[in-house]
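Coordinate inspection notes
These are the residues of each chain, in order.
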Amino acid sequence: MRQSSLVVVANRLPLDDNVAPDGACEWRRSPGGLASALHAILESTPATWVGWGGGVGPAPALADIGTLRLRPVALTEDELRGYYEGFANSTLWPLYHDAVETPVFDRGWWETYRTVNRRFAEAAAEVAEPGAAVWIQDYHLQLVPQLLRELRPDLLIGFFMHVPFPPPELFMQLPRRVELLRGMLGADLVGFQRPQAAHNVAQLAGKLLGAKGADDAILVDGRVVRTGAFPVSIDVTEMEALSARPYVLNQARQLRHDLGPHKRVLLSVDRLDYTKGIEHRLTAYSELLRDGRVKVRDTVMVQVAVPSRERVESYRGLKDRIEREVGRINGEYGRVGEPAIHYLNQPFDRADLAALYQTADVMVVTPLRDGMNLVAKEYVAARADDTGALVLSEFAGAANELEDAFQVNPHDVDGLKETLLQALDAAPADLSRRMSAMRAHITENDIHAWARAYLTALDHTGQLARHLPRQREASARRS
Ligand code: ADP
Ligand code: F6P
């Protein structure tokens, strides 16, 4: 395979293999924030993306997407269980999300995680041209920066964590905490969604590795590792253009007609994940119906929950609980032809998501913890006329930026109920002021600005590293 000057390494390729109704294998864009974000910037940049294609067994050769080359990494069934479903999504994922679900510590998973991380590092080493920049993504691949540095010391290595990086007292629970921290700090630049994460890492590096560190740089193993916050975003122009398409406008009109032209529509769009606070919002909505403060004759909720990590036990349990609760709410409060909640456990294409965003009077985003939450930003981008209300958990990274949302603590169900009512009853002028401020923010801070900021900072660390040996030589000559 030809080599590239920019290589992205992420657990998933931006495509998933999917069996079409006629049995043929087809590829479609993967759901999830990481693929959405990077797909937008890499469509038109010459680069190679190293990642898993979503299936098991030998990896198929894949055609380029525009200027983007795809380098698939194969996983066996056992590796899928130990690395992806096990260590990444049953140990790290819950622990990094405030342990809202109990993390599982299974000693067997660690070896598999290391083996798979080594395979990703080898694939990246193979496709990176001399001196290339390699940008590694997320908690699945936390050992890759160090492994890659050992294989290819000539590379400029960046790492970005899309999920929260936990406070030291939680990270310290990890049996392999030293290896995980050292692995990540093999990068030249480690980026996070929020400044607090860089602070947590600096503290841990001092405690576990004896490193000297501040919130923007850590001196470890004789190297300087830069750290910082780079809040990820969306392709605002793409969402705006999509929302203006005749198909989307028609779909939105049809949806409004189907939902009830005079009804106020509450919408939630999540991967079906226990971090998203779906149960908390169902409780709040159900209590509002019970108390008669919201009525099905004038309000309806749409909950889109795209299937996710379906073989992981905690996700299966969540799906069962949500489906029971939706059934109970519809059974108790719905009327013939008028359900209280429309529940859609299926993927949507981007145009249909844009139509849903346009139909929603109130977008309800209530994660218990979330690195960023791109759905909140997509909703804002889709509201070109500055209508609509965003209810947003203060525990989503997006809350740092979208200060004009109706912010809420989802654990406080009474507070959540009041905030939902406040958003439903807000005056149009208030909504318009809030929405236009949020739109201005995301327009300025879109996905391209994010990539530029990160890659410029990475390049800067490279220049510093190249400059430092020369500086040292010069001062040695002077002395
Ligand atoms: P996460 O990364 O945890 O999945 P985000 O909110 O940051 O959460 O990103 C979710 C991404 O997945 C968004 O770009 C959203 O549009 C997309 N998405 C969410 N639900 C669906 C769905 N039902 N079908 C297709 N894409 C979806
Ligand atoms: O950042 C969160 C994340 O794990 C991303 O890596 C990915 O975009 C998303 O969640 C979806 O998860 P999965 O790849 O497990 O379906």
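Shown above is the structure to which this text applies.
Summary of the structure given here. Sequence order as written defines residue numbering, which begins from 1 separately in each chain. Chain letters start at A and ligand numbers start at 1, both assigned in the order the entries are written. Reporting of local features is limited, given that this is a predicted model, to residues whose pLDDT is at least 70; pairs of side-chain atoms are given and counted only at 80 or more, and all residues count toward the totals for whole chains, interfaces and linings. Think of the side-chain values as coming from all heavy atoms in the structure, minus any hydrogens and water.

**Here's the deal with the overall build of the chain**
Short version of the rule: Every helix listed is a DSSP run of H or I at least four residues long, and every strand listed is a run of E at least two residues long, numbered separately from the N terminus. For a compact globule the rule gives 2.2 Å times the number of residues to the power 0.38, and the radius of gyration it is set against comes from C-alpha atoms. Burial status follows relative accessibility: with a 1.4 Å probe on protein chains alone, a residue under 20% of its type maximum counts as buried, one over 50% as exposed, and anything between as partly exposed. Residues count as neighbours in contact if any of their non-hydrogen atoms are within 4.5 Å of one another.
From N to C terminus, the chain includes 16 helices and 17 strands. What you see for the chain is a C-alpha radius of gyration of 23 Å, in line with the 23 Å of a compact globule of 479 residues. Projected onto the principal axes, the alpha-carbon positions of the chain cover approximately 80 × 50 × 45 Å. Per-residue burial over the chain gives 56% buried out of 479 residues. A separation of at least 24 residues holds for 73% of the contacts in the chain among residues at least 6 apart in sequence.

**Some details on the site of ligand 2**
We count it as follows: Each residue is tested against the molecule or strand, and it is near if at least one of its non-hydrogen atoms lies within 4 Å. In protein, a polar contact means a hydrogen-donor-capable atom and an acceptor-capable atom, both N or O and within 3.5 Å, with residues adjacent in sequence counting only if both atoms are side-chain atoms; elsewhere, any N or O pair within 3.5 Å suffices. All accessible areas in this document rest on Shrake-Rupley with a 1.4 Å probe, and a residue is counted as covered only by the protein chains that are shown.
Near ligand 2 lie 13 residues; those nearest to it are R12, L34, Y84, D138 and R309. With respect to ligand 2, the side chain of Y84 contributes an N or O atom lying 2.5 Å from an oxygen atom. At 2.8 Å from an oxygen atom of ligand 2 is found a side-chain nitrogen or oxygen belonging to R309. Notes on ligand 2: free accessible area 380 Å², of which the protein chains cover 90%.

**Describing the nonpolar core**
Condition: In plain words, nonpolar cores are sets of buried Ala, Val, Leu, Ile, Met, Phe, Trp, Tyr and Cys residues tied together by side-chain atoms within 4.5 Å.
Within the largest apolar cluster, 99 residues are counted, with the highest numbers of intra-cluster contacts made by Y96, F120, L148, F165, L181 and L185. Looking at which element gives the most residues to this core, the answer is helix 3 (residues 107-127), with ten residues. Once residues lying within four places of it in the same chain are set aside, the contact partners of F165 are Y96, Q142, F171, L181, M184, F192, A197, N200, V201 and L204. With 67 residues, the next largest nonpolar core counts A10, M363, I442 and I447 among its residues.

**Notes on the sheet that holds strand 11 (residues 223-229)**
Just so we agree on the cut-off: Between any two strands, at least two bridges found by DSSP are needed for them to pair. For every element, the axis is a line fit to its C-alpha atoms; helices are fit only across the contacting stretch, and the angle between N-to-C directions ranges from 0 to 180 degrees.
Read across the sheet, nine strands follow the order 5-4-1-6-7-8-11-10-9 without closing on themselves; strand pairing throughout is mixed. Only two strands of the sheet have a single partner each, and these edge strands are strand 5 (68-73) and strand 9 (212-213). Inspection of the sheet shows strand 6 (residues 128-137) paired to strand 7 (residues 156-160) by five bridges, in the parallel sense. Pairing of Q137 across the sheet is with F160, part of strand 7. In this fold helix 7 (residues 195-209) packs onto strand 8 (189-192), strand 9, strand 10 (217-220) and strand 11, with an angle of close to 20° to the strand it touches most, strand 10.

**What to know about helix 2 (residues 77-96)**
Stated formally: By definition here, a helix of n residues has an expected span of 1.5 Å times n minus one. The angle between axes fitted to the seven residues ending at a residue and the seven residues starting there is what we call the bend at that residue.
When the terminal C-alpha atoms of helix 2 are compared, their 25 Å separation across 20 residues is substantially less than the 28 Å that a helix rising 1.5 Å per residue should span. Taking the largest bend as the criterion, helix 2 deviates by roughly 40°, centred on G86. Of all 20 residues making up helix 2, 17 are buried, and the element is well covered by its neighbours. A positive backbone phi angle near 60° is found at D98, which sits one or two residues after helix 2.

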